[in-house]
Every structure is written in C-alpha cells, then in structure tokens.
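Tertiary structure, described
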Amino acid sequence: MELSREEECALAGEYGEMMQTAYRILVATGEATDAENLVSIEWAHLSGVNYNTIGDAGEQLLAELSKSARVKVRTTLNPMGFDADSVSRYGLDENFVSKQISIKNSYQTMGVTPSFSCIPYEIFDMPEKGTQVAFAESNAAIHANSYDGLRTNKESSFSALASAITGKSPYSSLRKEDSPNITIRMKVDSPDELTYGMLGYFAGKVGDTSVNVSGLGSMDKRQCKAMCGGMGTSGTCAKFLFEEDSSCEKVDFDEREAQKIHDELNTADRGDIITLGSPQLGAEEISDLVAMLKGRSFKKRCMVFCPRTVKEQAAGDCAKLEGAGCEILADCCTCLTPLISSDKIDSVTTNSIKGAFYLKNSNGVGVNLKPLSQIIRDETD
Amino acid sequence: MAEGMVLKSDAPINFLGTVNKESGVIEDKSHELFGRSVRGMILAFPSGIGSSVGAYTIYSIKSNGSAPLAMVCKKADLTVATGCAFAGIPLIISEEEFASLETGRQVVLDTKAKDMIRRV
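Let us look at the structure shown here. (Residues numbered from 1 in each chain as written. Chains lettered and ligands numbered in written order. Predicted model: local features only at pLDDT ≥ 70, side-chain atom pairs only at ≥ 80, totals over all residues. Heavy atoms only, no water.)

Take the packing of aromatic side chains next. Residues and elements named next belong to chain A. As enumerated under the stated definition, the model contains 13 aromatic pairs over all chains in all. Each ring, one from Phe-82 and one from Phe-96, has its centre 6.3 Å from the other, and the planes form 55°; the classification is tilted. Within this pair, whereas Phe-82 is found in the loop between β3 (74-77) and α4 (94-109), its partner Phe-96 is found in helix α4, the two being separated by 14 residues in sequence. Here Phe-82 matches Phe-96 in class, with each residue buried. (Phe/Tyr/Trp six-rings, centres within 6.5 Å; stacked < 30°, edge-to-face > 60°. Helix = DSSP H or I, 4+ residues; strand = E, 2+ residues; numbered from the N terminus. Buried < 20%, exposed > 50% of the residue type's maximum accessible area, 1.4 Å probe, protein only.)

What follows deals with the sheet that holds strand β4 (residues 134-135) of chain A. Residues and elements named next belong to chain A. Here we have three strands laid out as an open sheet, ordered β3-β2-β4, and parallel in their pairing. The sheet is open, and its two edges are formed by β3 and β4, each paired on a single side. The pairing of strand β2 (residues 43-46) with β4 spans two bridges and is classified as parallel. Counted as the bridge partner of His-45 is Phe-135 from β4. Here helix α7 (residues 157-166) sits on the sheet in contact with β2, β3 and β4, set at roughly 145° to β2. (Pairing = 2+ DSSP bridges. Contact = heavy atoms within 4.5 Å. Axes fitted to C-alpha atoms, helices over the stretch in contact; angles between N-to-C directions.)

Below, the discussion takes up the pairing of strand β14 (residues 366-369) of chain A. Side chains Gly-366 and Asn-368 of chain A project from β14 of chain A onto one buried face, and the interleaved Val-367 and Leu-369 of chain A project onto a second face that is buried too. Once the chain exits strand β13 (residues 347-350) of chain A it traverses helix α14 (residues 353-363) of chain A before rejoining the sheet at β14 of chain A, and the crossover so formed is right-handed. (Right-handed = clockwise from strand over helix to strand, strands pointing away.)

Residues and elements named next belong to chain A. Its location among the elements puts Gln-20 in helix α2 (residues 17-32). According to the relative accessible area criterion, Gln-20 is buried, its value standing at 17%. Leave out the neighbours within four places in its chain, and Gln-20 touches Ala-10, Leu-11, Ala-12 and Gly-13.

All names here are of chain A. Counted according to the given criterion, the structure contains 29 salt bridges over all chains. Among the ionic pairs, Asp-56 bridges to Lys-99, the shortest N-O distance being 3.0 Å. One end of the pair, Asp-56, is in helix α3 (residues 51-65); the other, Lys-99, is in helix α4, and 43 residues separate them in sequence. Under the relative-accessibility criterion, Asp-56 is labelled partly exposed at 33%. Between Arg-308 and Asp-85 there is a salt bridge; the shortest N-O distance is 3.1 Å. Remark: Asp-85 occurs in the loop between β3 and α4 and Arg-308 occurs in helix α12 (residues 308-313); sequence separation between them is 223 residues. Each of Asp-83, Asp-85, Arg-308, Lys-311 and Asp-331 takes part in a single network of salt bridges with overlapping partners. (Salt bridge = Lys/Arg side-chain N within 4 Å of Asp/Glu carboxyl O.)

So, about the interface of chain B and chain A. Taken together, the 30 residues of chain B in the interface contact 41 residues of chain A. Contact between chain B and chain A buries roughly 2700 Å² in total, counting both sides, with carbon and sulfur atoms accounting for 64%. On the chain B side of the contact with chain A, Tyr-56, Leu-78 and Phe-86 of chain B bury the most area, a combined 28% of that side's loss. Taken together, the links from chain B to chain A amount to two salt bridges. For Lys-75 of chain B, the salt bridge is made with Asp-208 of chain A, and the minimal N-O distance between the two is 3.0 Å. Linking chain B to chain A there are 14 residue pairs in polar contact (both at pLDDT 80 or more). Those elements that place two or more of their residues in the side of chain B that touches chain A are α1 (15-18), α2 (54-63) and α3 (78-87) of chain B. Tallying contributions element by element places α3 of chain B first for the side of chain B that touches chain A, with seven residues. (Buried area = accessible area lost by both parts, 1.4 Å probe. Polar contact = N/O pair within 3.5 Å; in protein donor to acceptor, adjacent residues only side chain to side chain.)

Read these as geometric descriptors, not functional statements.
Structure below.
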C-alpha cells in the first residue's frame, strides 16, 4: 500500500505510539483488502461498547487508549449494556455497572458522541451521497451502503476506531466499486419483516462483499432494517444492490431456504418475554407499534429497545407503550443484552433474526421467532 | 513462527457469540467445532463473519491466554485481520494453504518464510 510521507511518519511512530498503532491497524486492513492507498473518511461509527461483548480485556484496553487517543472526525457509537434510567430494576451486578461506566467514560474522553445506537442512519443527518464513512456496526454499514448512498467497508471495531483516530481508511473493496458475486431471486410470497430478516441471513451466507437482490416489492423501514440486520449476522457482505437484470450467477430464496433458517434459529415454541429492537426501533416504528396495538396491552413482559433520542422525541408514544406493559430501554439493544439471563428466563419471543442468533448463542436462551403482527395477535389482549 | 496442531473447519466463524472470550471454547451448538477450544491451535476456517466486535473477542482470548497460535483463512475479512494484527496473532490468507490443512496435523507456520506452512 502506498502511503504519503506524513502517513509513513505516523506508521514509524513519529506522532506517538497511539498513532503508530492506529496506522498499523489501517495497514493490516489495507493489506487484507488489497488497498493501494488511504482515503479520508468523514464519519466513524464504533462498535465494541457493551461490556457483555468486550469484557475486561476490552474495558482495560479502552481505558488505556483513552489516555492519549482522540478522535479526529465525527464519531458515534453502538449501544451499551443498559439504560441508566432503569438499570437498578434489572439486578445487574455492581461489577457490570462500573465496568460499563468505565467504557462509556473512555469513549467520551476520546471525544466520541455518546449516541449508544446501532441505527445511526436513522437518528443523524446523512452526509452527501458518495461520502466515505467507516461504520463498524454491521447492520449500519449495510444500511449506509445500500439505502443511504454512503461508502464503507464492513469495518471491524478496531478498523473503525483506527479510522476515527486518523480520519482515514484504506481505499478498497466497497469504497471503490461494487462487484456482487450473486443475484438472489426473492421467491417468497407475502413476506413480513421476519422473512426479510431471513433473506438477509441467507444473503450473508451466499454473498461475498456485496449481493444483488431481485424480485423485491416495496419495503417499509422495519423490513429494510431486518434485512440489513440479518445479513450482518451471517456474513462478510456489506451491501445490497437491487438490479432486476444482472449477469451474476442466480440463486433462489424460496420457502424451503426460509424454512432452513427458521429451523436453525427458532428453538422454542413460546417465549417467557418479548423483545423488540435489534436493530433498535426508530420513532416511526415506535408510533407504528402504538397504532398496531389499538389500545391492547401485552400479557407478558415486552422489552422495547431504542436510541435515547427516540425515547425523548417520541416520549408521548413511549408513555403509551409503557401503559401497554412495555419496558422502554434507551442506549441498549437486544443484541447481547445482559438484561436477559438464562438463570431467570428460558426463552424469548422476538421478530429479529439478528437478535435470535445472539440470544441463542450468547445469552443461551431459547428463541421463538414471530413477525410483529403475530406477536401482537398472540401476546396482547 | 508457530508450531502446533491444526484445528480446521469449513464453516466460517462469527467470533462474537461463537467463541467464549475467556476460554476460547466454541459455544455455538450449530457450529461444527462446537465444544472444541481454539487455544494453542493453528485455527483454519474460511473467514470471519458477522459482528465487527469479533475483533475484541480475538483480542480478549489473546489477553486471557486462550488464543490460537495462528490463524489460516481462505478469504480476508476486517474483523479477523484487525483482531489478529492488534493481538499479535500470525494470520495467513490463502486458499491454497487453507486447502492443504487438515485437523490433527502438526505444522510449522511462518508468515515470513517462502513456504509459510510446513508439515512436521
């Protein structure tokens, strides 16, 4: 990879150990993706915030980095483990709470905007089309590339952090061009968000860096987000293209493929509780949920995850949902939540394919998959 | 340079949620390496997939003494590439080298040598 003189100096350690480490990460990223040079990025979105995911090693690393690392470009970040407003009700141990606060403080010391959201594309103004960004959160990278006209590779926690500190990223892969290796023909009739989540999960398994999908009808926001979340979970792919005519090899996503994924991720007939939000719900989905409930209430606990800005802006709708038995949780997400523990809960009902994968593997609970419309039919009165 | 036994899978790995960050044991029941530990192995798999936070998982298993000696992948992904770079775990990306490996074989791996992987 060709570096400018200044970049060479940084890599040689002339601007300190921190910059040297950041450039080493960029070079490792560049070599892995055959980059020729580095390009400026305007926005970094970091993952690796929830103490449940990064553990003590991550917490200590960030505390050390925060002594000297400062972000150079606008930088936002992923959800953490809990909502400080309600954490006392969830019986988390003191160690978790203090380690999570340490992580939060480290990022803020580095100059990161404390957005604690996995849907930056829904709560921030979008830059101009074609802008280079570095998004680590997989569903956000896919959404940014596929629906928002931005350009990012499927960054890792470390590559996005290195980009935040240097303002640069290797110019390679999806930053340069789209080369879908396959076209998926959508063949499932009357799809709901669960179907689109499974389509995404399937796409991740067959796609390389980007994948073309044909035969999609119009989709609402919930369905688009479900598809991005699903693909981010199962693959290395970070972009959907939507061309009806393409010369790529073709594969069908039909009822049989959907059933295979359902069988892999659906492990329970019912859930002790319900979780909504992986990715987090935006204001539109919150108001939509109020409308779908038509005054009915949940018969069991229903956790609703959203960004803090949404909880504040949609305070009226959130109050209605609380009235219907929901627990509204800001700053955190279904994905690897410490608020659901297999000691107390055997199984969870959710409409999220992404959530299902991590609930099953990391939280060790059974998962009952249902689309939101059916959850409301079955679980409210 | 690293010498050790190969642990190979044809299934990609989502390090977050699949590999225990303390013990290095594969915890995803649907993964073909379920129950196996990556600790001290030459871990061969097609590529990392899924969560970007897997880079922290790789750093964690290294910090906790549970990391593989080295990794060999068929194709590059940024989670594994940066996780290994940051944790100081040798990583080889090569379809040929990946194809040449089988579980249980003892190999010497040297990313700087002409023959990066030698059987012993």
